[in-house]
Amino acid sequence: MQHLLNLLLALSLLSTAYAATAEEWRKRSIYQIITDRYALPEGADLNACDPAKQTFCGGTWKTIKDNLDYIQNAGFTAVWISPVSQNYEGPRTPYGDPYHGYWIADATKLNSRFGTADDLKALSDELHRRGMFLMVDVVVNNVMALETDPDLSTYMFKDKSQYHPYCPIQWGNTTSEQNCWLGDTNVTLPDVNTQDPTVVSAYSDWIKALVQQFNIDGLRIDAAKHVNMDFWPKFCGAAGVYCIGEVFDADAGQALQWQGKQALDAILNYPMYNALVQAFTIPGPQNMSAVTDMLAQIKQKSADPTLLGNFLEDQDVPRWASLSVDPQSLWNAMIFNFMSDGIPIVYYGQEQGFNGNADPMNREPLWPSKYSNTTTYQLITKLNQLRNFMINSTEDWVTSQVQVLSSTNDGIAFMKGSVVTVLTNIGSPPQNVSISAHTPFDNSLSTTDILTCRQYAVGSNGAIEVEYSRGGVPVILVPDNMLDNSGLCGHVVATVSSKGAQGAVNNTNGSPRQSAGSSTSLAFAVGLFAVAASFLL
């Protein structure tokens, strides 16, 4: 049955598989991969990869292609891979080898460590056959060297005038941040002069050809804020696909100026990432107002919040499990990223509970996990299933913006479309606290918490209340009449959506639906073990 669903989904998406727009990307969920660390060829030593050694472990484009079921079965509809351009080839540096793909030499050549042009094309073709998108990381700001006056003959740009002169960055000075060099004197990152018309023209020609040759659907832009802003509309216009940039800044005003017609389609949402760390980590400030405040700032300052990239982990920040000891903190924060505005992104290994603190320890190999069907993997699968279903079965769920219904020091209740999400930061231990809110739902409306498959009726004046006498579990309420054909909680799955599916719909029937509760205010007392077991449904 699942094979048939995947085939139908692939056929339904063939018309939108190439040159994907921002409109199409907002309907996706993304699984981020470090190419070298996702999967090994058959017969390779599974115990030889130590991230502390900062060297190659053997992952390739072909090994990604051969192991896509793990990603698609979790409901993801796009894959983001490491930069594909040629990297530094030479003696080991003080910071190891360029296994990560970010130390660019000649951007016009492919990274032979990751495979051949045929291998990359085969990966792209296989993703599209499955109805999935390919996002490629690109590095434009700089190349890599081991000195401040390198031999330029092996680079894409060979003239010294096509680079800014060496200078260390003065942080807080925009001109310096854009024209001086990242890195240090051990590994220098010569800054490409993206104000030079010859550079702009050459980069535009290169990215257009790369996208067309390998049918790339979207670009993640490394170090986007270190390039002059007016470069990006020309570059992304030449690419003809969705561009999302890394703007490493917790300040919403500073970061979001890089989203819009003057710059990029979207940015990775570091401001909200920082707020989620402040709100949900245990131990931590547990400042839930950081999230509500950031939601308000984003609504005011973002050109389109539904295009931003939501994440809890990436290759540049600590793994969540290294920051927070309680799994409920991960599950609550992760649900925020799926059920609020924006495109959810999961960094490989997050679903396995990896806990590397910082580069290079947060770049672990995935294969020691044996690609286990963990509780977090099951939760992600259910979240993708619900999100994909809401996108396919409604006209405007994905474009509707989040409304905060209520918030306290202990939690937040918010609504996107007709889905109400209630999250808490109290963690697993029971506490005598509750979160209540008023929804626009009619009295006695029958709803289902899709995480437990328990059915409840809304109280008077649309009241709901979630209490935590058995621990701080998340709750996602969907009106029952919206779940038909979803495959969730006993609702029969539809084989093909009338709108064309955005992702694989799991054929899971779940537990029998319970009868509706009373018409008094909605009250929950669901413990950690109950919600963990429900992810299996």
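Check the entry above for the structure.
Residues numbered from 1 in each chain as written. Predicted model: local features only at pLDDT ≥ 70, side-chain atom pairs only at ≥ 80, totals over all residues. Heavy atoms only, no water.

**Some words on the overall build of the chain**
And step 1. Regarding its fold elements, the chain presents 16 helices and 18 strands.
And step 2. Counting over 537 residues, the chain shows a buried share of 61%.
And step 3. Across the chain, the fraction of contacts at a sequence separation of at least 24, relative to all contacts at a separation of at least 6, is 73%. (Helix = DSSP H or I, 4+ residues; strand = E, 2+ residues; numbered from the N terminus. Buried < 20%, exposed > 50% of the residue type's maximum accessible area, 1.4 Å probe, protein only. Contact = heavy atoms within 4.5 Å.)

**Description of the nonpolar core**
And step 1. One finds Leu219, Phe235 and Val291 to be the most contacted residues of the largest nonpolar core, which totals 133 residues.
And step 2. Dropping the residues within four chain positions of it, leucine 219 is found in contact with Met135, Val136, Val138, Ile207, Val211, Phe235, Ala239, Val241, Tyr242, Cys243 and Ile244.
And step 3. Val422, Ile464, Val475 and Leu477 belong to the second-largest nonpolar core, a separate cluster that totals 14 residues. (Core = buried A, V, L, I, M, F, W, Y, C linked by side-chain atoms within 4.5 Å.)

**Focus on the state of the cysteines**
And step 1. One pass over the full model with this rule turns up four disulfides.
And step 2. The disulfide that involves cysteine 167 links it to cysteine 180, with 2.0 Å between the sulfurs. Here cysteine 167 and cysteine 180 share a disulfide; its torsion about the S-S bond, -100 degrees, makes the bridge left-handed. On the criterion of sequence distance, the pair formed by cysteine 167 in the loop between β3 (133-138) and α7 (174-179) and cysteine 180 in the loop between α7 and β4 (182-183) is long-range, its members being 13 residues apart.
And step 3. We classify cysteine 167 as partly exposed; its relative accessible area is 23%.
And step 4. Note that cysteine 453 is cross-linked by a disulfide to cysteine 489, the S-S spacing being 2.2 Å. Because the sign of the S-S torsion sets the handedness, a value of about -75 degrees for the bond joining cysteine 453 and cysteine 489 places this disulfide among the left-handed ones. Of the two residues, cysteine 453 sits in the loop between β15 (446-449) and β16 (454-457) while cysteine 489 sits in the loop between β18 (475-479) and α16 (528-534), which places them 36 residues apart along the sequence. (Disulfide = S-S within 2.5 Å.)

**Considerations on the packing of helix α11 (residues 270-280) against helix α14 (residues 327-339)**
And step 1. Where α11 contacts α14, the axes come no closer than 10 Å and their chain directions differ by 150 degrees. Looking at the two axes, α11 sits roughly antiparallel to α14. Crossing of α11 against α14: the hand is right-handed. Each of Met272, Leu276 and Phe280 in α11 lies in contact with α14, whose residues at this interface are Ser329, Asn332, Ala333, Phe336 and Asn337.
And step 2. Class assignment for the residues of the contact of α11 with α14 results in five nonpolar, three polar and no charged. (Axes fitted to C-alpha atoms, helices over the stretch in contact; angles between N-to-C directions. Parallel < 35°, antiparallel > 145°, perpendicular 65-115°, else oblique. Left-handed = near helix turned anticlockwise from the far one by under 90°. Nonpolar A, V, L, I, M, F, W, Y, C, P; charged D, E, K, R; others polar.)

**Focus: helix α9 (residues 231-239)**
And step 1. Turning to α9, its buried residues are Phe231, Trp232, Phe235, Cys236 and Ala239. For α9, the arc enclosing every buried residue in end-on projection is 105 degrees, short of the 170-degree limit, so these residues lie on one face.
And step 2. Positioned one or two residues after α9, glycine 240 has a phi angle of 75 degrees, which is positive. (Arc of directions from axis to C-beta.)

**Quick look at unusual backbone geometry**
And step 1. Residue proline 283 is bonded to the preceding isoleucine 282 through a cis peptide linkage, with omega at 0 degrees.
And step 2. Considering the arrangement of structural elements, one finds proline 283 in the loop between α11 and α12 (289-301).
And step 3. Here the residue pair aspartate 359 and proline 360 is connected by a cis peptide bond, since its omega of 10 degrees sits within 30 degrees of zero.
And step 4. Tracing the chain through its elements places proline 360 in the loop between β10 (343-347) and α15 (375-393).
And step 5. Here alanine 223, not a glycine, exhibits a phi torsion of approximately 50 degrees, which is positive.
And step 6. Here alanine 223 shows up in the loop between β6 (218-221) and α9.

**What to know about the pairing of strand β14 (residues 434-438)**
And step 1. Here β14 shows a buried face lined by Ile435 and Ala437 and an unburied face lined by Ser434, Ser436 and His438.
And step 2. Sheet analysis places β14 next to strand β17 (residues 463-467), joined by five bridges and oriented antiparallel. Residue pairing for β17: serine 434 is matched across the bridge by glutamate 467. (Pairing = 2+ DSSP bridges.)

**Re the side chain of serine 369**
And step 1. You can see serine 369 is positioned in the loop between β10 and α15.
And step 2. Taking relative accessible area as the criterion, serine 369 reaches 12% and is therefore assigned buried.
And step 3. Beyond its immediate stretch of four places on either side in the chain, serine 369 contacts Gln352 and Phe354.

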